[in-house]
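Results of the structural survey
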Amino acid sequence: MEVRIEQSWKRALGGEFDKEYFRALSAELHRRKAAGEVIYPAGKDIFRAFDLCPLQEVKVVILGQDPYHGEGQAMGLSFSVPEGISAPPSLKNIFKELESDLGIRLSGSPDLTPWARQGVLLLNSVLTVKAAQAASHSALGWQTFTDCVIRTVSDSCDGVVFMLWGNYARSKAPLIDPGRHLVLEAAHPSPLARGAFFGCRHFSKANAYLISKGKSPIDWTI
């Protein structure tokens, strides 16, 4: 299968697309789609996080689990939904923490594309989902691919901030070299965490670290 993905990622990850697990993953997605399964996000958006944030430009990685499964929500960026769609509860809590941490008054837009364009890799561990069925593609093999992505960022870049929210994201910490990068861990922003995410101050910590590495900070304003 010819995978359409931004060139720096294609060079770094090219070998993955020829491996048996990825071929099987691709074949299964095609089979399900042919059988009438509605899959999110749209095919053109599956690798959108990579297209907006080339490998050499990655400054921050925010790791999600799998795409939103509601109609019109998934757009290929973790936690983000398109303009005109109501912000899901986790995203609302991210915005609350951001305002508390940095005093930023947000516009209310739920589209995190401006972050991605500045070097924030909004990566879901699983890149597709069946409509109306959370975690429905978690056994297809996407984690093998995205674990490779995390290792590639860790090995190819220096001074990246990894934000790991919730136990699932935190389980990816062993893939990251803490000597080269800043790993920030917190509870998940979901309301199910009962507010434990609040007060983590990851956004100000990330910018302070980037500045200390001679990099421009992220403008988190949307």
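See the structure above.
The sections below set out a description of the structure shown in this document. (Residues numbered from 1 in each chain as written. Predicted model: local features only at pLDDT ≥ 70, side-chain atom pairs only at ≥ 80, totals over all residues. Heavy atoms only, no water.)

1. Remarks on the side chain of His-181
Heads up, the rule is: Helix numbering and strand numbering both begin at the N terminus, where a helix is a DSSP run of H or I of at least 4 residues and a strand a DSSP run of E of at least 2. Polar contact is defined as a pair of N or O atoms within 3.5 Å, subject to the rule that within protein one atom must be able to donate a hydrogen and the other to accept it, and that residues adjacent in sequence are counted only when both atoms are side-chain atoms. The criterion used for residue contact is that any of the two residues' heavy atoms lie within 4.5 Å.
Assignment of secondary structure puts His-181 in the loop between α7 (166-170) and β6 (182-186). A distance of 2.8 Å separates a polar atom in the side chain of His-181 from the backbone oxygen of Ser-154. At a separation of 3.4 Å, a polar atom in the side chain of His-181 contacts the main-chain carbonyl oxygen of Cys-157. If we ignore the near neighbours within four places in the chain, the residues touching His-181 are Val-153, Ser-154, Cys-157, Asp-158, Gly-159, Val-160, Phe-162, Ile-176 and Tyr-209.

2. Observations concerning the packing of aromatic side chains
Heads up, the condition is: Here a Phe, Tyr or Trp ring, Trp counted by its six-membered ring, pairs with any other such ring whose centre lies within 6.5 Å, and the pair is stacked when the planes are under 30 degrees apart, edge-to-face when over 60, and tilted otherwise. Under the scheme applied here, a residue whose accessible area is under 20% of the maximum for its type counts as buried, over 50% as exposed, and between as partly exposed, the area being computed with a 1.4 Å probe on protein chains only.
Applying the stated rule across the entire model yields 19 aromatic pairs. For the ring pair Trp-142 and Phe-145, a centre distance of 6.1 Å and an interplane angle of 65° mean the geometry is edge-to-face. Here Phe-145 and Trp-142 lie together in helix α6 (residues 142-156), a separation of three residues that amounts to about one turn. An identical accessibility class is assigned to Trp-142 and Phe-145; each is buried. By the ring-pair criterion, three or more aromatic residues cluster together here, those being Trp-9, Phe-17, Tyr-21, Phe-22, Phe-47, Phe-50, Trp-142 and Phe-145.

3. A look at the pairing of strand β3 (residues 120-124)
For the record, the criterion: A pair of strands is labelled paired if DSSP reports no fewer than 2 bridges between them.
Burial analysis of β3 places five of its five residues in the buried class, which makes it a mostly covered element. Residue alternation in β3 divides its side chains into two sets, Val-120, Leu-122 and Asn-124 and Leu-121 and Leu-123, and both sets are buried. Where strand β2 (residues 60-64) and β3 come together, five bridges link them in parallel fashion. Within the sheet, the bridge partner assigned to Val-60 lies in β3 and is Val-120.

4. Digging into the sheet that holds β2
Our working definition: Each axis is a line fitted through C-alpha atoms, and for a helix only the stretch in contact is used; angles between axes span 0 to 180 degrees, taken between their N-to-C directions.
Taken in spatial order, the four strands make up an open sheet running β3-β2-β5-β6, and their pairing is parallel. Only two strands of the sheet have a single partner each, and these edge strands are β3 and β6. With direction set aside, neighbouring strand axes in the sheet form an average angle of 20°. Bridge count for β2 against strand β5 (residues 161-165) is four bridges, and the pairing is parallel. Paired with Val-60 across the two strands is Val-161, which belongs to β5. The strands touched by helix α8 (residues 202-212) are β2, β5 and β6; relative to β5, the strand with the most contacts, the crossing angle is about 165°.

5. Examining the packing of helix α1 (residues 7-17) against α6
The criterion, for reference: Whether a crossing is left-handed or right-handed is set by the direction in which the near helix is turned from the far one by less than a right angle, anticlockwise for left-handed and clockwise for right-handed. Throughout this entry, Asp, Glu, Lys and Arg are counted as charged residues, while Ala, Val, Leu, Ile, Met, Phe, Trp, Tyr, Cys and Pro are counted as nonpolar. The remaining residues, Gly among them, count as polar.
It is at 11 Å that the axes of α1 and α6 come closest, and there the two elements cross at 140°. α1 and α6 meet at a crossing whose hand is right-handed. Counting all contacts with α1, which are made through Trp-9, Ala-12, Leu-13, Glu-16 and Phe-17, the residues of α6 involved are Phe-145, Cys-148, Val-149, Thr-152 and Val-153. Residue classes in the contact of α1 with α6 are distributed as eight nonpolar, one polar and one charged.

6. Thoughts on the nonpolar core
Rules: Buried residues of nine kinds, namely Ala, Val, Leu, Ile, Met, Phe, Trp, Tyr and Cys, make up a nonpolar core once their side-chain atoms join them within 4.5 Å.
In terms of nonpolar packing, the biggest core is built from 72 residues, with Trp-115, Phe-145 and Trp-220 touching the most fellow members. Residues within four places of Trp-115 in sequence aside, it is in contact with Ile-62, Ile-94, Phe-95, Leu-98, Val-120, Leu-122, Phe-203, Asp-219, Trp-220 and Ile-222.

7. Points about the pattern of salt bridges
Opposite charge on two side chains permits them to pair, given that their charged atoms come into close proximity. Heads up, the condition is: One side-chain nitrogen of Lys or Arg within 4 Å of one carboxyl oxygen of Asp or Glu is enough to make a salt bridge.
In total, this model carries 10 salt bridges according to the counting rule given. Between Glu-185 and Arg-170 there is a salt bridge, with its nearest N and O atoms 2.9 Å apart. Of this pair, Glu-185 sits in strand β6 while Arg-170 sits in helix α7; the two residues are 15 residues apart in sequence, bridging distant segments of the chain. On the accessibility criterion, Glu-185 (38% relative accessible area) is partly exposed. Taking the relative accessible area as the measure of exposure, Arg-170 reaches 32% and is therefore partly exposed. Connected through shared salt-bridge partners, Glu-28, Arg-31, Arg-32 and Glu-37 make up one network.

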